[in-house]
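Understanding the architecture of this molecule
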Protein chains: 2
Amino acid sequence: MLLARKIAYWLLWPLLAIVLAPVSLAAEDPLPSWRDGPGKAAIVEFVARVTRQDSAGYVEPHERIATFDNDGTLWSEQPLYFQAYYALDRIRDMAADHPEWKEREPYRSALAGDVKGLAAQGKGPVVEMLVAAHANVTTEAFTRSVAHWLATARHPRTGRLFTEMVYQPMLELLEYLRANDFKVFIVSGGGIDFIRVFSHERYGVPPEQVVGTTGGARFELRDGIPVVVKTGDISLIDDKAGKPVGIWRHIGRRPIFAAGNSDGDLQMLQYTTVARNEDDTTPRLGLIVHHTDGEREFEYDRESAVGRLDRALDMAPEQGWLVVDMKRDWRRVFPVAGS
Amino acid sequence: MLLARKIAYWLLWPLLAIVLAPVSLAAEDPLPSWRDGPGKAAIVEFVARVTRQDSAGYVEPHERIATFDNDGTLWSEQPLYFQAYYALDRIRDMAADHPEWKEREPYRSALAGDVKGLAAQGKGPVVEMLVAAHANVTTEAFTRSVAHWLATARHPRTGRLFTEMVYQPMLELLEYLRANDFKVFIVSGGGIDFIRVFSHERYGVPPEQVVGTTGGARFELRDGIPVVVKTGDISLIDDKAGKPVGIWRHIGRRPIFAAGNSDGDLQMLQYTTVARNEDDTTPRLGLIVHHTDGEREFEYDRESAVGRLDRALDMAPEQGWLVVDMKRDWRRVFPVAGS
């Protein structure tokens, strides 16, 4: 009887192993939304090189700095940067007190709801409009205002909350890097105070690891309560050549990994990946999200007013930057079901 | 025989416990350089309140933000801010190319080695001189220059390396807070790029957790190598009302603990400890290091040109800020033996 049990056990065990194997393998894949291919392989190989103690490319955990652009890299940016929709709503609220706005761009396009006209202004003026629209607002009031908007406003095409339009494969990449002791930062042309409102909950990135376009601020006592008040000036436009400056200001060292999707990320990719000299043999990876999927998301690159990807796309091969083809490389785009 | 062993064991055990107890207790003191007293007790009680799950004042680990001033709080600042000695050495190196400096303060005092004259200029002009003296220097070259200076320059009175003049009790406090899942930041009126060179090795604070007076910077390709170059302008003077602005810019939320030693930390202490409203019941602690020990360090407060402590000292009782008396509360001041 006992022997019979033993035999049954030893017969059953291999069958169990076979049955369970696929499950456990699937559970081990840190990037399930990434299709197997050169892109996914390059990411996994890079992480293995910098984390394996016996690897020539081993990097100490505290030097494993990774920077991610936000608009078009972690969430969508079409037909207009999401923060611009927030600005439009605020500008409309405030227009009554500012008749001069009817004549001035980008306010005129904003009030007319002319998205194309706004997009044509570029990111700088739109962000400046946003910053100006919030002069004399305390940081607490601004945070409350953005949180309320994110909880209620909907994307004009998908009807989804904007925070539902983050990219599932990139959420997995953020988590995969953190699981390998990377410290992950957002380095965005968008407003630093805007992104901080949702970065921790949505991306697992705490406010102190968000770098972005930064408005001026001043300290005040209001009725004896110490507050920081946003002023109308701009301290840093964290886009293009401003990104390495923002990285230096906030992080104080070069990343070894950077991800972007537009020419606005070109200098960040250069700063992260170009070797200083022959002794600089640290493994470095630059990643570009290429918006090739018009069905599941949006299809655009060289001609787009928002998130134009032109020079960086040309330079990618010689620079060894990994170009991720959203249509080919991603099993799914958004976290919501059926996307 | 077996019984005899058992009896011996049960007799021996309590004796062992008694013998070992004092050792284990001593090993448990996280602040051995702090004398037992109300100051040490207040710190330990605050940490217990915010970390005990069952405490009404429990604070989630990611909200446990602590900010420390540097000059006079983590290391000495007399007879002149240590960074000013670095500036003096650089200014002397560069004076030959700048005849106009002989007529202009603070350069004139700097070249004359007139420490009193320099101190009279205040921190702002001295830092501005330092920033100007490094226009067009890459961040890499600046870091190398500071590292070399810190490894060789000596304090005019003690003859020690400047990094040997950090305060042992504060090193223990930094470690104690980190061991209780606090995220520790430096928020200093000194130069952010200067402090970052030694903050990780000396304080265990990585560069991305250093906030300080910040010069402008620009991105460049030099012979095809991407570099960040320090410019002559100033982006933030992280002193007095500038400290809450720097905290917001870099951290994006209010600390629950702040430590300083001068009126330059007054607004940081207010921003950290003053409750917003009746619902704001989070435990908060403000700490002021009072320089009362002329024998082991330096004795100064209301009349000092460097690190003046006047208004904040008057406000401490009503604000509930903990004033640490270096002479009374610290068993030792410096890590080096016999200090």
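Further up the page is the structure itself.
Along each chain, numbering runs from 1 in the same order as the chain's sequence is written. Following the order in which they are written, the chains are lettered starting with A and the ligands numbered starting with 1. Restriction of local features to residues with pLDDT of at least 70 applies here, the model being predicted, together with a cutoff of 80 or more for giving and counting side-chain atom pairs; totals for whole chains, interfaces and linings are based on all residues. By convention in this description, side-chain values take in all heavy atoms of the structure and omit both hydrogens and water.

**Topic: the overall build of chain A**
Secondary structure follows DSSP: runs of H or I at least 4 residues long count as helices, runs of E at least 2 residues long count as strands, and numbering of each begins at the N terminus. Counting secondary structure elements, chain A contains 13 helices and eight strands. Overall, chain A is about 90 × 50 × 50 Å in size when its C-alpha atoms are taken along their principal axes. Each residue is placed in one exposure class: buried if its accessible area under a 1.4 Å probe, protein chains only, is under 20% of its type's maximum, exposed if it is over 50%, and partly exposed if it falls in between. Buried positions account for 54% of the 339 residues belonging to chain A. Residues count as neighbours in contact if any of their non-hydrogen atoms are within 4.5 Å of one another. In chain A, once contacts between residues fewer than 6 apart in sequence are set aside, the share between residues at least 24 apart is 68%. Accessible area for chain A stands at about 14700 Å²; split by element, carbon and sulfur atoms hold 55% of it. Surface accessibility follows the Shrake-Rupley procedure with a 1.4 Å probe radius. Residue values consider only the protein chains on display as shielding.

**Looking at the sheet that holds strand β3 (residues 183–191) of chain A**
All names here are of chain A. Should DSSP find at least two bridges between two strands, the strands are taken to pair. Strand order in the open sheet formed by eight strands is β2-β5-β4-β3-β1-β6-β7-β8, with mixed pairing between adjacent strands. The sheet is open, and its two edges are formed by β2 (137–138) and β8 (322–325), each paired on a single side. Pairing of strand β6 (residues 257–260) with strand β7 (residues 285–290) involves four bridges; the strand directions are parallel. Across the sheet, residue Ala259 finds its bridge partner in β7, namely Leu287.

**Quick notes on unusual backbone geometry**
Residue and element names in this part refer to chain A. For the peptide bond that leads from Glu105 to Pro106, omega is 0°, which places it in the cis range. Phi at Lys240 takes a positive value of approximately 55°, unusual for a residue other than glycine. With respect to the helices and strands, the residue Lys240 is situated in the loop between β5 (225–236) and α10 (242–250). In this structure Lys240 comes out as partly exposed when scored by relative accessible area, which is 44%.

**What to know about the sheet that holds strand β4 (residues 210–222) of chain B**
Residue and element names in this part refer to chain B. Read from one edge to the other, the open sheet built from eight strands follows the order β2-β5-β4-β3-β1-β6-β7-β8, with strand pairing classed as mixed. The sheet is open, and its two edges are formed by β2 (137–138) and β8 (322–325), each paired on a single side. Sheet topology places β4 next to strand β5 (residues 225–236); eight bridges connect them, and they run antiparallel. By the bridge assignment, Gly215 is partnered in β5 with Ile234. Interaxial angles span 0 to 180 degrees and are taken between N-to-C directions of axes, which are lines fitted to C-alpha atoms, for helices over the stretch in contact. In the packing of helix α10 (residues 242–250) onto the sheet, contacts are made with β1 (65–68), β3 (183–191), β4 and β5, and the angle to β5 comes to roughly 150°.

**What to know about the nonpolar core**
Most often, soluble globular proteins have nonpolar side chains that are buried together. Nonpolar cores are built from buried Ala, Val, Leu, Ile, Met, Phe, Trp, Tyr and Cys residues. Side-chain atoms within 4.5 Å join them into one set. Formed by 70 residues in total, the largest nonpolar core has its most connected members in Phe68, Leu173 and Phe257 of chain A. The dominant element in this core, judged by the number of residues it contributes, is helix α3 (residues 82–94) of chain A, at seven residues. With 69 residues, the next largest nonpolar core counts Leu118, Val126, Met170 and Tyr300 of chain B among its residues.

**Considerations on the interface of chain B and chain A**
With 42 residues of chain B at the contact, the number on the chain A side is 42 residues. Taken together, both faces of the contact between chain B and chain A bury some 3300 Å²; the carbon and sulfur share is 59%. By definition, a salt bridge exists where a carboxyl oxygen of Asp or Glu is found within 4 Å of a side-chain nitrogen of Lys or Arg. Our enumeration of links across chain B and chain A arrives at six salt bridges. The partner of Glu208 of chain A in a salt bridge is Arg253 of chain B, with the nearest N and O atoms 2.7 Å apart. Here a polar contact is recorded for every N or O atom pair within 3.5 Å, except that within protein the pair must consist of a potential hydrogen donor and a potential acceptor, and residues adjacent in sequence are included only if both atoms are side-chain atoms. Where chain B packs against chain A, one counts 20 residue pairs in polar contact (both at pLDDT 80 or more). At the level of secondary structure, the elements contributing two or more residues to the side of chain B that touches chain A comprise α7 (139–152), β3, α9 (192–203), β4, β5, α10 and α11 (266–273) of chain B. Here the side of chain B that touches chain A is composed, by residue class, of 20 nonpolar, twelve polar and ten charged. Put simply, buried area is the surface a 1.4 Å probe can reach on two separate parts but cannot reach once they are joined, added for both. Under the convention adopted here, Pro, Cys and the residues Ala, Val, Leu, Ile, Met, Phe, Trp and Tyr are nonpolar, Asp, Glu, Lys and Arg are charged, and Gly plus all remaining residues are polar.

**Overview of the relation of the copies chain B and chain A**
Superposition record for chain B on chain A: RMSD 0.0 Å, screw rotation 180°, translation along axis 0.0 Å. Here the symmetry operator amounts to a two-fold rotation axis. Superposing copies: least-squares fit, C-alpha atoms only, residues required to have pLDDT of at least 70 in both.

**Here's the deal with the pairing of β1 of chain B**
Residues and elements named next belong to chain B. Here β1 shows no split at all, with Ile65 and Thr67 on one side and Ala66 and Phe68 on the other all buried. Relative to β3, β1 is paired through four bridges, and the arrangement is parallel. In the strand pairing of β3, Phe68 is matched with Ile186. Both β1 and strand β6 (residues 257–260) contribute to a ladder of three bridges, which runs parallel. Bridging across to β6, Phe68 finds its partner in Ala259.

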